[in-house]
Amino acid sequence: MKSQELRQAWIDFFVAKSHKLLPSASLIPDEMSTTLFTIAGMEQFVPVFLGEQAPAAPRVVTVQRCLRVAGAKSDIENVGRTGRHGTFLEMLGNFSFGDYYKREAIAWAWEFVTTVLKLDPARLYVTVHTGDDEAQQIWQNAIGLDPSRITRFDEDNFWTMGPTGPCGPSTEIFYDTGERYASGPDDTGPNLGNRYVEIWNVVFQQYNRAADGSLSELPKKSIDTGAGLERMLAVCNGLASMYDTDLFTDVIAAQPPVGQTSLAPAEQRVRQNIIADHARAVTFLINDGIFPSNNDRGYVLRFLIRRAIRQGRLLGYPNGFLTGLVPAVVRSLSPGYPELTQNVARIQQTLRTEEQTFERTLERGMQMLDRLIQDANDNCTRLIAGSDAFMLHDTFGFPIELTREVAADGGVAVDTAEFESAMEEQRERARRDAKSKRAVVTIAELPAVKSTFTGYDGLETDGEVVVILRPSAGAGSVAVESLATGERGIIILDRTSFYAERGGQIGDRGTLTTADGAVFEVEDTQYMGEAIAHHGVVKSGSIGASDRAHARVFDWWRQEIRRHHTSAHLLQRALKDVLGDEVAQAGSWVGIDRMRFDFRYPAGALSPEQRRTVMARVNEMIRDDDRLVTRELPIEQARATGAITMAGEKYGEIVRVVQAGPSVEFCGGTHAHSTGELGMFVLLSESSIGSGIRRIESCVSRAAEHVVTHQQELVGDVASTLAATPDEIVERLGKLQREIKDLQGAVGQLKARLAAADAQAYLERVERKGDRAFVGEVVHEANTEALRHLAGALRNRLQSGVIALAGIDNGAVNLLVSASDDLVKAGVHAGRLVQLAAPLVDGKGGGGPAQAQGGGKKPDGAVAALQAMRDAVFA
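It is worth spelling out the state of the cysteines at this point. Evaluated as defined, the whole model comprises 0 disulfides. Left without a disulfide partner, cysteine 667 is nearest to the cysteine sulfur of cysteine 699, which lies 20 Å away.

If you want it as structure tokens, here you go:
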């Protein structure tokens, strides 16, 4: 059975049992998820389990892409080494939301594995939770399974997706692969080793775990099935390893021939497995809108890419091999995920850029590592500090395995204990950050509340106050019955004209007023689940639950917001027109006086001509004064319009398509009535914010007028100061720069003559011991440049010896050390002398054997620093 045949068999089986097929969610989970990535098929249904959202149907079937690289569900260390572990996996799922429960879920599971997959029932074993007598009885009485093939576990049969959220007992089906795959004599049943492979897990979702660990009953008992497609595919084909299925063999076959390597054949296959797994993972991560970075999900993507490259280096693969695997991955997975074919170019370009970046950092890292190896041999420690290995890892992306391997070739070891300590500190910082962001699934202890947004049709509407929250003494907010004058809080209405922050567009501001005259000033608007939350303060009166309130958005606020939001559409169209369709939006922020647009463009910075052309193209679309047209369409019909979508963005079954002249996009924001309403577009800046990611800041409307007026005034002021016309400013500034350069040259010559005069005085105080000479002086009012002049003058007169200078300048200390060639050959090292002296001036520094410099902020320690270097030279 091929992978696509198994996917389709799963779908057909459950559709025939009245399940609705839903598409896979993105690998980027909902913003309130407890996980960094989607790790289970049930994750997109968390709000349904919690009763916060109505299900699309009582019964649902999915094939969900998942990624597991960190946390309790991580299998990263076993990837490629066992036949059942991977980072990227497809989870086959069937779900019941308050419909069928244990009896049907168990019966259908048994029916599928025995009649569709035709697995031998004699090789199937199950596990149930220690407290689940009902599931045990169903397996024994309804299915007829012998009690000897049913095992009960506690934690192994209680499924959770994270520290909080839906959870419950589970029952699992295991397949006996045979005695030859046993881990040892004790591998005689499920969860005891590698012999018995889990192929099916039914979670009986009935609890919600709160942040304090307590369990409460979910509104409805539900079914959540997870069956790993990769493991199931291997089992039904009689294979012990999923890496022998078509999901992986095609990607392994596409890899280059093994080059020069010291790896044994079996280990070579392990590395090829890892590459195949990681190639699948990174392809889908980029497809879903994640790009390499040093933070959050982007860091994980970068880690996987570099880990794959590392395996390729060990196999002797050529540079750029990972990019070449994308077509094979897409061919393998596109039958289940046809959208991959549309993004091949973007995926390959992202990988190509990251591979090239890593190759460059590898070269720089190798230079540093070579120096560390040399130093470790010179100082006879034969050990590279863990902190240095961590710097190689953190700064240059050097895997610790590569550091150890290269170090061993040079005859030195690495302090891995210190390295792991530094890594653990970094992980702990990341865990604290992630926990603070994703510790809780539910935002507040609220009933299932959904606000209807009416703001597309106007700035005002009437609604009823359904929830009022007031900040509590601790973290979060508590529900209250009313807010009085001066009290801050959050008010949720059943209907509102206020746009809540989403898609980069900031939330609306305005007022909520009641018939009794109470006024609540809205300072920000945010989503809380599907509720629109108005954050602000009561200006007068008292507002209570169930009150009728009139919502009014400040017209000036919405007007400028919608204009700047519309400019983002025009800018993206202009960028694609000028730079090409490879431009892809990476994010945006829309305010009342400016707009920030992030986009992926691997070619680097825009030239001045490209910037001018982009700005001109946007202004051309503004002058065309096209009316904006908004349509709500079914998702497939909307895609057929050719509208631009944003990678990684989640869209519902009905989407809004906004057309502004030649620009057509999916967008749920608020927009101008016509492009001419924007008035004028000004491009303020263009810069890099990451590998292959550019950022443009711009403005339109009143803000653009203000910028142009200010610039005109500024140009006028500069022209007046230079006694020139605006057209003469560039020429006049050029002349001034030439004059300054000439003056700087004259000053430099004067400093050199003064340094030569000072040098003679310092040489009269030279100290000698044996064949070594040392000049050490504290030089006041001397910056680094002055020290260089002085050191050069001293070296011209002192052919052999060490020159150590400590310059005091504005409360700072500059250290400069120069060692002659003969003393370098005798073992003197200028860099180590600076490293010895720098702590005495509360600073740091270093350099090579002949020349080094450093600095500090403790002038009082300068004399002691020179004395320490003197003692080291004469030791």
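Right, let's talk about the sheet that holds strand β33 (residues 812-819) for a bit. Taken together, the 6 strands give an open sheet; going across it, the order is β30-β31-β32-β33-β35-β34, and neighbouring strands pair in mixed fashion. Both edges of this open sheet fall to β30 (767-769) and β34 (843-847), since each of them pairs with a single strand only. The mean angle between the axes of side-by-side strands here comes to 15 degrees, regardless of whether they run parallel or antiparallel. As paired strands, strand β31 (residues 772-780) and strand β32 (residues 802-809) are joined by 7 bridges and run parallel to one another. Paired with histidine 780 across the bridge in β32 is isoleucine 808.

In the structure shown here, the tally under the stated rule is 35 salt bridges. Taking the shortest distance from any N to any O, the salt bridge between arginine 195 and aspartate 176 comes out at 2.7 Å. Of this pair, arginine 195 sits in the loop between β7 (165-176) and β8 (196-209) while aspartate 176 sits in strand β7, and the two are 19 residues apart along the sequence. An identical accessibility class is assigned to arginine 195 and aspartate 176; each is buried. Taking the shortest distance from any N to any O, the salt bridge between aspartate 508 and arginine 558 comes out at 2.7 Å. Of this pair, aspartate 508 sits in the loop between β17 (495-496) and β18 (510-514) while arginine 558 sits in helix α14 (residues 555-579), and the two are 50 residues apart along the sequence. Of the two residues, aspartate 508 and arginine 558, both sit in the buried class. What you see here is one network of salt bridges that share partners, running through Glu560, Arg562, Arg563, Glu677 and Arg702.

Turning our eyes to something else, we now look at unusual backbone geometry. Despite not being glycine, serine 18 has its phi angle at roughly 70 degrees, a positive value. Here serine 18 lies in the loop between α1 (3-15) and β1 (20-21). Serine 18 sits in the exposed class, given a relative accessible area of 54%. Notably, asparagine 810 is not glycine yet its phi reads approximately 55 degrees, a positive angle. With respect to the element layout, asparagine 810 can be found in the loop between β32 and β33.

Time to look at the packing of aromatic side chains. One pass over the structure, following the stated rule, counts 26 aromatic pairs. Seen in terms of ring centroids, phenylalanine 95 and phenylalanine 97 are 6.4 Å apart; in terms of plane orientation they differ by 5 degrees. Their pairing is stacked. We classify phenylalanine 97 as buried; its relative accessible area is 7%. Summarising the aromatic geometry, the rings of phenylalanine 453 and tyrosine 456 are spaced 4.9 Å apart at their centres and angled 85 degrees between planes, so their arrangement reads as edge-to-face. Using a relative accessible area of 34% as the deciding quantity, one classes tyrosine 456 as partly exposed. In this structure an aromatic cluster arises from ring pairing among Trp10, Phe13, Phe14, Phe112 and Trp200. In this arrangement the basic side chain of arginine 149 is found over the ring face of tyrosine 125, its NZ or CZ atom lying 5.4 Å from the centre.

Across the sheet, which stays open at both edges, the 3 strands sit in the order β25-β26-β27 with antiparallel pairing between neighbours. Single-partner strands in this sheet number two, and they are β25 (628-634) and β27 (663-666). Averaged over all adjacent pairs, the angle separating strand axes in this sheet is 20 degrees, with direction ignored. In the sheet, β25 pairs with strand β26 (residues 654-660) via 7 bridges, with the strands oriented antiparallel. Following the sheet pairing, threonine 630 is matched in β26 by valine 658. Sheet strands in contact with α14 are β25, β26 and β27, and its direction is about 115 degrees off that of β27.

As a further point, take the nonpolar core. With 109 residues, the main nonpolar core has Leu119, Trp139, Ile199, Trp200 and Leu322 as its most contacted residues. The leading source of residues in this core is helix α10 (residues 344-378), at 10 residues.

Okay, the pairing of β26 next. Look at any regular strand and the pattern is simple: side chains alternate between the two faces of the sheet. In terms of burial, β26 is a largely internal element, 5 of the 7 residues being buried. In the sheet, β26 pairs with β27 via 4 bridges, with the strands oriented antiparallel. If you follow valine 657 over to β27, its bridge partner there is phenylalanine 666. Hairpin connection of β26 to β27: 2 residues between the antiparallel strands, including glycine 661 at a positive phi of 65 degrees.

A word on the side chain of glutamate 355. Among the secondary structure elements, glutamate 355 is positioned in helix α10. No salt bridge forms around the buried glutamate 355; measuring N to O, its nearest opposite-charge neighbour arginine 352 is 7.1 Å away. In this structure the side chain of glutamate 355 is engaged in a polar contact, spanning 3.5 Å, whose partner is the backbone nitrogen of glycine 320. Not counting chain neighbours up to four residues away, the residues in contact with glutamate 355 comprise Ile309, Gly320, Phe321, Leu322 and Thr323.

Before going further, it helps to spend a moment on the side chain of threonine 454. Mapped onto the elements, threonine 454 comes out in the loop between β12 (452-453) and β13 (460-471). Setting aside its immediate chain neighbours within four residues, threonine 454 contacts Thr461, Arg495, Thr496 and Ser497.

This next bit is on the pairing of β33. For β33, the buried fraction is high: 7 of the 8 residues fall into the buried class. Here β32 runs beside β33; their pairing, made up of 8 bridges, is antiparallel. By the bridge assignment for β33, valine 802 is matched with alanine 819. Where β33 meets strand β35 (residues 851-856), 6 bridges bridge the pair, whose relative direction is antiparallel. Of the residues in β35, the one forming a bridge with valine 813 is glycine 856.

All right, on to the environment of glutamate 52 then. The residue glutamate 52 is located in the loop between α2 (46-49) and β2 (59-67) in this model. Linking glutamate 52 and aspartate 133, residues 81 residues apart in sequence, is a C-alpha distance of 30 Å.

Moving on to helix α21 (residues 830-837). Taken residue by residue, α21 has Ala830, Gly831, Leu833, Val834 and Ala837 as its buried positions. End-on view of α21: buried residues confined to an arc of 160 degrees, all on one side of the axis. Residues of α21 that are buried sit in contact with β32, β33, β34, β35 and α22 (862-874).

Conventions and cut-offs
- Residues numbered from 1 in each chain as written.
- Predicted model: local features only at pLDDT ≥ 70, side-chain atom pairs only at ≥ 80, totals over all residues.
- Heavy atoms only, no water.
- Disulfide = S-S within 2.5 Å.
- Pairing = 2+ DSSP bridges.
- Helix = DSSP H or I, 4+ residues; strand = E, 2+ residues; numbered from the N terminus.
- Axes fitted to C-alpha atoms, helices over the stretch in contact; angles between N-to-C directions.
- Salt bridge = Lys/Arg side-chain N within 4 Å of Asp/Glu carboxyl O.
- Buried < 20%, exposed > 50% of the residue type's maximum accessible area, 1.4 Å probe, protein only.
- Phe/Tyr/Trp six-rings, centres within 6.5 Å; stacked < 30°, edge-to-face > 60°.
- Lys NZ or Arg CZ within 6 Å of the ring centre and 35° of its normal.
- Contact = heavy atoms within 4.5 Å.
- Core = buried A, V, L, I, M, F, W, Y, C linked by side-chain atoms within 4.5 Å.
- Lys, Arg positive; Asp, Glu negative; His and termini not counted.
- Polar contact = N/O pair within 3.5 Å; in protein donor to acceptor, adjacent residues only side chain to side chain.
- Arc of directions from axis to C-beta.

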